[in-house]
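Chain and residue survey
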Amino acid sequence: MSMPSFALVRPRAVDEALEHLARHGAEAMLVAGGTDVVPNLRAGLFSPRVVVDLKGLGDLSGITFDRERGLEIGALATLTAVAESQLVRQHYPVLAQAAGTVASPVLRNMGTLGGNLCLETRCRWYNQSYFWRQSCGFCLKKDGTVCHVAPGGKRCWAVWSGDTAGALLALDAEIEIAGPAGRRRLSLTDFYKNDGVDRIHLGRGEILTRILVPATMAGYRGTYHKLRIRNSIDYPLAGVALVVKVEDGVCRDARLGLVAVNPAPVLVREVESLLVGQRFTPELTEAVVQAVVRTGKPLTTSMSTPEYRREMLRVFSRRALRELWRENGSH
Ligand SMILES: Cc1cc2nc3c(=O)[nH]c(=O)nc-3n(C[C@H](O)[C@H](O)[C@H](O)COP(=O)(O)OP(=O)(O)OC[C@H]3O[C@@H](n4cnc5c(N)ncnc54)[C@H](O)[C@@H]3O)c2cc1C
């Protein structure tokens with residue numbers, strides 16, 4: 001589990017970072033806080049010749065809010081900064097809550113929001129030492145030909161295990177990506193591929209620079225529920241993020257994002273059509289719960305069983321709905 005050798009470059013501007021990526025192509029790897037990259041390098045999951053350290057790009061760590069433009073967060077803002085930002089807590093509480101559940105305080109001080117959105121997918125057959133993986137004949141995601149989770153198929157089912165993506169999907173977030181052709185904006189829903197190996201729409205020469213949340217979503221009630229083995233540190237095994245807007249007991253808008261059950265974070269599309277225009281009832285809650293378990297498809301990618309994780313999706317979505325319903329004083 002020792003660190004492989006590589007050259008470390010520390011650009012001071014996005015354009016300089018892009019030049020390094022263009023020059024070194026597939027041999028380069030980006031690192032922000034390094035809280036996911038470093039353990040992966042030690043496990044021999046990557047062997048870059050050049051590591052491009054983004055932490056010197058100081059102008060990418062700000063958090064601003066404007067009533068017209070909404071929230072803008074630099075990709076290098078730490079999770080602690082996001083979780084503790086008064087702007088985020090006041091206008092988009094579900095994001096502050098989700099960021100505050102990532103890992104542990106020390107890792108949140110290092111880990112960035114951009115890194116959290118670009119995280120590698122995880123699986124118990126993949127996040128292991130070289131020796132462990134070799135003894136199992138490796139796996140489809142790295143060095144092998146078989147997915148041990150679904151051996152008959154040709155897909156990798158490694159799971160999207162970042163906490164903030166569900167909340168940001170529910171908040172209709174966009175991202176800004178810088179690349180050789182300039183900057184482009186992309187809806188966060190279009191960023192993820194639902195493929196355990198090739199997980200995100202980010203070219204080799206590109207960098208995620210900003211996260212943008214629309215002003216129209218400011219003030220929505222929100223909550224994030226997370227399953228993990230140890231509450232003090234672990235990656236999610238299932239996560240439910242819900243945001244709602246309720247006026248006079250009637251739901252005006254609702255979105256629900258799931259993480260840690262599929263190879264991508266996903267929005268449960270039916271939730272909006274089920275809830276909008278309705279008053280909350282236990283029957284409606286159960287209809288939402290059914291939609292959630294039709295969308296979230298946990299497999300044997302972690303030490304927790306798929307059955308338990310699916311059951312916790314039910315529990316969390318029920319709890320989330322009741323919690324926000326109560327907060328809105330509508331029952
Ligand atoms: C013990 C432990 C527990 C953890 N628990 C959790 C948890 O509960 N929830 C959770 O979500 N995460 C968890 N993590 C993972 C990690 O701490 C966080 O996801 C963190 O947000 C990653 O951010 P980072 O800046 O450290 O990313 P890095 O490790 O630097 O990078 C992660 C990935 O994103 C890419 N990347 C980083 N920044 C950019 C960018 N701006 N543009 C393009 N690509 C980029 C990197 O190349 C790499 O592929 C845990 C990690 C450890 C070690």
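Described in the following lines is the structure provided in the data block. (Residues numbered from 1 in each chain as written. Predicted model: local features only at pLDDT ≥ 70, side-chain atom pairs only at ≥ 80, totals over all residues. Heavy atoms only, no water.)

**Some thoughts on the pattern of salt bridges**
Summed over all chains, the structure comprises 22 salt bridges. Put simply, Glu174 and Arg185 hold a salt bridge, and the shortest N to O gap is 2.8 Å. With Glu174 in strand β6 (residues 174–179) and Arg185 in strand β7 (residues 182–187), this residue pair connects regions lying eleven residues apart in the sequence. On the basis of relative accessibility, which here comes to 52%, the residue Arg185 falls in the exposed class. (Salt bridge = Lys/Arg side-chain N within 4 Å of Asp/Glu carboxyl O. Helix = DSSP H or I, 4+ residues; strand = E, 2+ residues; numbered from the N terminus. Buried < 20%, exposed > 50% of the residue type's maximum accessible area, 1.4 Å probe, protein only.)

**A few points about helix α11 (residues 282–295)**
For α11, spanning 14 residues, the distance from its first C-alpha to its last is 20 Å, which sits close to the expected 20 Å at 1.5 Å a residue. Turning to α11, its buried residues are Leu284, Thr285, Val288, Val289, Ala291, Val292, Val293 and Thr295. (Expected span 1.5 Å × (residues − 1).)

**Observations regarding the site of the ligand**
Lining the immediate environment of the ligand, one finds 32 residues, of which Leu30, Ala32, Thr35, Thr112 and Asp163 sit closest. Arg199 is positioned such that a nitrogen or oxygen atom in its side chain is 3.4 Å from an oxygen atom of the ligand. Contacts to the ligand include Leu208, whose backbone N or O atom sits 2.9 Å from a nitrogen atom. Against a free-state accessible area of 970 Å², the protein chains account for coverage of 92% of the ligand. Contributing elements (two or more residues each) for the shell around the ligand: β2 (28–31), α7 (113–117) and β8 (207–213). Here the residues of the shell around the ligand are counted per class, giving 18 nonpolar, nine polar and five charged. Formed jointly, the shell around the ligand draws a minimum of three residues from each of two domains, domain 1 (1–54) and domain 2 (61–118 + 159–327). (Near = heavy atom within 4 Å. Polar contact = N/O pair within 3.5 Å; in protein donor to acceptor, adjacent residues only side chain to side chain. Areas by Shrake-Rupley, 256 points an atom, 1.4 Å probe, with all protein chains shown as cover. Nonpolar A, V, L, I, M, F, W, Y, C, P; charged D, E, K, R; others polar. Domains from an automatic or database assignment.)

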